[in-house]
Each structure stands twice: as structure tokens, then as C-alpha cells.
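Inside the fold
So you can see what is in the structure, the chains are spelled out below.
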Amino acid sequence: MPNLISEKSNQDVDIVTSSILHDPSDPLDPHNWSPWKKRSVFLALMSSSILCDGGMTWGATLFVAQTFEWHISIPTSSTSMNYGILLQGFGGVFAVPFIEHFGRYPVWFWTQVLALACVIGATLAPSFASFVAFRSLQGLFGTVPQVIGLPIIHDMYDPEDWPRKINIWDTTFLVGPFLGPALAGYLANVLDWRGCFAVLAGLYGASTAIVLVFGRETYYAPNYGSLKAPTFTETLFGRGGALAFNRPSFARTSEILFLYIFRVPMLLVGFATLCNFTWPIGITVTIDSFIRAPPYLMDNTSAGSMRWAAIFGALAGWLIGYLFNEWISKHRVHRPDWRPEYRLHGVWVPLFCLVWGLLTYGLTINFDKSWVGIAFGWFGVNIGLVGTMVAITAFALEKYSEQATVVSAILNMWRTCGGFSVSYFQSAWIARAGVAVVFGCQAAIVAVTVVCFVATTIVIGKKKI
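Residues numbered from 1 in each chain as written. Predicted model: local features only at pLDDT ≥ 70, side-chain atom pairs only at ≥ 80, totals over all residues. Heavy atoms only, no water.

**Some remarks on the overall build of the chain**
Along the chain, the regular secondary structure elements total 18 helices and 2 strands. Against the 2.2 N^0.38 benchmark of 23 Å for 465 residues, the chain shows a C-alpha radius of gyration of 22 Å, consistent with a compact globule. In terms of principal-axis extent, the alpha carbons of the chain reach across some 70 × 50 × 40 Å. In the chain, of all internal contacts separated by at least 6 residues, the share reaching a separation of at least 24 is 82%. Element-wise, carbon and sulfur atoms account for 70% of the exposed surface of the chain, whose accessible area totals about 18,200 Å². (Helix = DSSP H or I, 4+ residues; strand = E, 2+ residues; numbered from the N terminus. Rg over C-alpha atoms; globule rule 2.2 N^0.38 Å. Contact = heavy atoms within 4.5 Å. Areas by Shrake-Rupley, 256 points an atom, 1.4 Å probe, with all protein chains shown as cover.)

See below:
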């Protein structure tokens with residue numbers, strides 16, 4: 001039977017974790033699954049991950065239609081996503097004890113079912129208040145794939161494969177906030193807003209079916225040889241996880257989660273993540289107010305098509321992350337002093353693109369220049385968004401691989417807190433100070449905070465914190 005590795009923290013309270021050494025002779029070990037089975041599980045993860053933010057921002061191009069039905073203002077209608085975005089962060093944190101106790105698969109599947117039910121409820125909502133309630137619950141339940149992806153990657157793949165899979169997974173759910181509104185904008189030409197949300201419910205239904213058919217429990221417990229391996233039904237209802245060897249209690253997992261939130265490296269990269277995400281999400285929730293007004297006067301199709309600039313930017317961020325991680329894989333063997341913090345050097349090129357993108361975007365709108373400048377600015381912003389997140393996530397998993405679920409939830413919390421907060425002050429700030437000043441300040445804030453927090457993390461990395 002494989003041994004267990006215990007690790008002692010230098011915090012005031014010891015954290016005992018169990019990182020299981022994989023058994024190459026055990027077919028139940030996800031590391032030994034066939035490539036086809038691994039790809040099937042990863043495909044199921046992608047299908048649900050793209051709907052996390054994509055489903056939450058689906059209504060970003062449908063605000064105007066809702067104002068007519070419920071007789072509310074556009075600013076009021078645009079707040080319907082706010083609480084859902086906030087609850088994405090808290091939902092991921094709340095899910096951690098359930099994931100660690102019952103297993104990855106049951107929490108993944110049943111929260112997907114609940115998110116589907118919430119989208120159906122939003123589609124049929126009789127009032128704006130009930131619509132907001134269903135959308136908020138959608139964020140609470142629908143965020144789990146953004147948390148569970150990291151432990152699934154940890155469970156199925158070897159450490160040298162983690163950065164490549166993280167790059168794909170991160171890019172998938174980071175493309176969602178732009179692909180969702182783009183598709184909804186196109187559909188708005190032929191369907192009313194309820195019809196558009198019915199399509200979203202269909203996408204959630206298809207993803208839930210894919211998770212049911214192809215998803216599998218990836219947590220590996222070595223005592224399955226001495227106990228009868230759980231059936232699929234037992235796994236689906238959480239008995240597989242509950243029976244597994246050395247599963248932590250809810251209280252223990254909550255304690256570990258709390259302590260890891262305040263570990264210095266996680267605090268530093270957490271603040272960097274918050275700053276990185278705040279301003280790109282601000283663009284996502286406010287861009288329609290610019291491109292639908294003079295001098296651009298874009299319709300649903302044009303406004304939806306603008307999202308492709310952000311999508312292509314995210315894909316370019318994926319490419320930068322891929323190239324950097326491939327370079328790391330080739331050269332780290334020549335570094336006997338290698339440590340996970342070196343992965344954070346992958347943020348510098350994306351950070352430059354993020355700063356350049358914010359300045360280009362803001363100055364183009366301020367001086368009423370061509371929409372091409374808006375597109376190029378948004379393109380650069382999303383290169384930075386994805387590229388920096390890939391580097392930070394790869395660092396966190398390598399440094400704290402024994403707590404993949406915990407660090408994933410923490411990064412998700414920081415990310416969504418920034419996205420939630422910006423919608424409350426972005427528009428008022430622009431109205432008071434002007435577009436050029438606002439986006440110039442945002443570029444400066446991103447540059448200073450990311451350099452300070454990431455550089456500090458790299459410098460203190462020699463200490464075992």
C-alpha cells in the first residue's frame with residue numbers, strides 16, 4: 001500500500017495533510033486511467049467550467065429588454081449579476097468541505113443540477129426581484145467547476161503536466177464571460193430575453209448530461225483494495241468519498257481553509273488576483289454603455305461581436321502561458337535550486353499587455369476614436385487577464401499541491417470579489433473623473449500592485465511559508 005506523506009506547517013496550528021503516493025499497479029488510481037478516460041473527464045470539466053462565468057454574464061447584453069418588461073432603469077437592471085458574481089467566490093469556499101469529505105464527483109454533479117434549476121427559475125421569473133434571487137443562487141451553485149478543476153488536474157496528471165492542463169482549464173472558464181454575452185447578443189435578434197435564457201438552460205442541461213456520463217470521481221484512496229470499491233451510484237451520492245480512507249471532517253477542512261487564506265504567499269497572490277480581475281470585469285459589465293451610445297451606436301449583433309476581441313485576447317493569453325510553461329519544463333531540470341515561485345515570472349509579459357490594453361481602451365473611448373481601438377484595448381486586457389492567472393494558479397498548485405481544492409477556492413474567492421465590487425463604483429467614477437483618468441488610474445494600480453505583490457512573493461519564496 002502506498003505511504004502517506006505528512007507535512008507540518010510553521011503556522012501556530014499544525015496542518016496535517018495527506019498527499020497520497022500513486023500506485024502504478026492499481027487500476028483505480030486516476031494516474032493509471034487510459035488517456036481516453038482522462039480526456040473524457042477533462043472534457044466534462046471544460047463543459048461545466050465555461051458556463052461558470054459564461055452563464056453568469058449571459059444577461060450582460062439583455063439588460064435593455066428587461067427594463068421594458070419590468071419598468072426599471074438600465075443601471076438597475078445591470079445589477080442583476082452582482083450578487084451572483086459575489087456568491088461565486090463564497091460558493092467556492094463553502095464547497096471545499098463538501099468536496100474534501102464526499103469527493104469531487106458528487107459535489108460537481110449535484111451543484112450542476114442545482115445551477116440548471118436556478119437558470120430555469122430565472123427564465124420563468126415573474127419579477128425582477130425573483131430573477132435576481134435565482135441568478136444569485138446560480139452563482140452560488142454554478143461556481144464549483146472553477147474550484148474543482150484544480151484538484152481534478154492534481155488527481156489525474158503528473159506534476160510536469162499540471163501547467164499545461166491548468167492553462168487549458170483557466171482559459172476555458174476565463175473565455176466564458178465574453179463568449180456568453182456574445183452568443184446572447186446574437187440570439188437577442190431573434191428571441192426575447194426569456195428565450196435567450198431558455199437557450200442557456202439548454203446549455204446547462206447538456207453540460208449536466210456530459211458530467212453525468214463522462215465525469216468520474218478522481219480522488220484516490222489506497223484502501224479501496226481492502227474495502228469494496230464504491231459503485232457508481234454510491235459515488236454519485238457521496239458514499240464513495242465518505243468511505244474513503246482518511247477523509248477530513250468538515251471542521252478540519254474549514255480550519256485548513258481558514259489558515260491557508262492567511263498564509264503570506266496566498267495573501268500576496270490573492271491581492272494580485274483581485275487587482276487583475278477587477279478592471280477587466282469592469283469593462284465586461286460597462287462596455288455596452290459606451291458602444292451603444294454615440295458615436296458608436298452598435299446594435300445587438302455588433303455589441304455581441306465586440307466580445308470576440310476579448311475572446312481572442314484570452315486565447316492569446318493561453319498561448320503565452322503555454323509557451324512560458326513549455327520553456328519552464330525544458331529548463332527547470334537545469335536549476336537545482338528550483339522553487340515554485342519561479343513560475344510567477346510568467347506574469348510580466350501579460351502584465352505589460354494588461355496595462356497597455358487598459359490605456360488603449362480608455363483613451364480610445366475618451367477621444368471618440370474608432371471602435372478598432374476599443375477592440376485592440378480589450379484584446380490586450382484579456383491577454384493580461386489569462387496570462388497572469390495561469391502563472392499564479394500554476395505557482396499555487398505546485399507550492400501547495402497537497403491542498404489543491406483549498407488553494408483553488410481561495411484564488412476563486414479573490415477573483416470574484418474583485419468582479420463583484422467594480423460594478424458598484426466603475427460607472428460613477430467614470431462620470432466624475434472621465435474615461436481617460438479612470439483607465440489611466442486602473443493601469444497604474446494594476447502595474448504597481450502586481451509588481452509589488454508578485455515580486456515580494458518571489459523574494460520571500462526561499463522561506464518555507
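**Re the packing of helix H1 (residues 35–56) against helix H4 (residues 82–102)**
Packing of H1 against H4 brings their axes to within 9 Å, and their N-to-C directions diverge by 150 degrees. With respect to each other, H1 and H4 are oriented roughly antiparallel. For the pair H1 and H4, the contacting residues are Cys-52, Asp-53 and Met-56 in the first and Gly-84, Ile-85 and Gln-88 in the second. Here the contact of H1 with H4 is composed, by residue class, of 3 nonpolar, 2 polar and 1 charged. (Axes fitted to C-alpha atoms, helices over the stretch in contact; angles between N-to-C directions. Parallel < 35°, antiparallel > 145°, perpendicular 65-115°, else oblique. Nonpolar A, V, L, I, M, F, W, Y, C, P; charged D, E, K, R; others polar.)

**A word on the side chain of Glu-341**
Secondary-structure assignment places Glu-341 in the loop between helix H14 (300–331) and helix H15 (348–366). On the basis of relative accessible area, Glu-341 is assigned to the buried category, the value being 1%. (Buried < 20%, exposed > 50% of the residue type's maximum accessible area, 1.4 Å probe, protein only.)

**What about H15?**
Relative to the 27 Å expected for 19 residues at 1.5 Å per residue, H15 spans 27 Å between its end C-alpha atoms, a close match to the ideal helical length. Residues of H15 that are buried include every one of Pro-350, Leu-351, Cys-353, Leu-354, Val-355, Gly-357, Leu-358, Tyr-361, Gly-362, Thr-364 and Ile-365, and no others. Those residues of H15 that are buried are in contact with helix H13 (264–291), H14, helix H16 (371–399) and helix H18 (435–460). Note on H15: the residue one or two positions beyond its end, Asp-368, has a positive phi of about 55 degrees. (Expected span 1.5 Å × (residues − 1).)

**A short note on H16**
Every α-helix winds through 3.6 residues per turn, so residues three or four apart in the chain are directed the same way. In this model, H16 (29 residues) spans 42 Å end to end at C-alpha, consistent with the 42 Å of a helix rising 1.5 Å per residue. Burial analysis of H16 places 25 of its 29 residues in the buried class, which makes it a mostly covered element.

**Focus on the nonpolar core**
Ranked by internal contacts, the top residues of the largest apolar core, which has 103 residues, are Trp-108 and Leu-358. No other element matches H16, which puts 14 residues into this core. Apart from the residues lying within four places of it in its own chain, the contact partners of Leu-358 are Trp-279, Ile-283, Val-381, Phe-439, Gln-442, Ala-443 and Val-446. Counting 19 residues, the second largest nonpolar core, distinct from the first, contains Ala-115, Phe-197, Leu-200 and Ala-201. (Core = buried A, V, L, I, M, F, W, Y, C linked by side-chain atoms within 4.5 Å.)

**Describing the environment of Val-285**
Here Val-285 shows up in helix H13. Residues Val-285 and Thr-79, 206 residues apart in the sequence, show an inter-C-alpha distance of 9.3 Å. Discounting chain neighbours no more than four positions away, the residues touching Val-285 are Met-81 and Ser-423.

**Comments concerning the pattern of salt bridges**
Inspection of the entire model under this criterion finds 12 salt bridges. Between Arg-194 and Glu-69 there is a salt bridge, with its nearest N and O atoms 2.6 Å apart. Taken together, the residues Arg-194 in helix H9 (residues 193–214) and Glu-69 in helix H2 (residues 63–70) connect sequence positions 125 residues apart. Note on Glu-69: relative accessible area 36%, which makes it partly exposed. Put simply, Lys-399 and Glu-341 hold a salt bridge, and the shortest N to O gap is 2.8 Å. In this pair, Lys-399 sits in helix H16 while Glu-341 sits in the loop between H14 and H15, placing the two residues 58 residues apart along the sequence. (Salt bridge = Lys/Arg side-chain N within 4 Å of Asp/Glu carboxyl O.)

**Description of a nonpolar patch on the surface**
Where nonpolar side chains cluster on the molecular surface, the patch consists of Phe-352, Trp-356, Trp-371, Val-372 and Phe-376 and spans about 540 Å² of accessible area. Put simply, the parts of the chain that give the nonpolar patch at least two residues each are H15 and H16. With 3 residues, the single largest contributor to the nonpolar patch is H16. Within the secondary structure, Phe-352 sits in helix H15. With relative accessibility at 60%, the residue Phe-352 sits in the exposed group. (Patch = residues over 30% accessible without salt bridge, like charges linked within 9 Å, V, L, I, M, F, W, Y side chains within 5 Å.)

**Re the side chain of Arg-415**
Looking at the element boundaries, Arg-415 is found in helix H17 (residues 404–433). Only 2.7 Å separates the side chain of Arg-415 from the side chain of Asp-53, close enough to count as a polar contact. Not counting chain neighbours up to four residues away, the residues in contact with Arg-415 comprise Asp-53, Gln-146, Phe-173, Leu-174, Thr-273 and Phe-277. (Polar contact = N/O pair within 3.5 Å; in protein donor to acceptor, adjacent residues only side chain to side chain.)

Function cannot be read off these values alone, since they describe shape.
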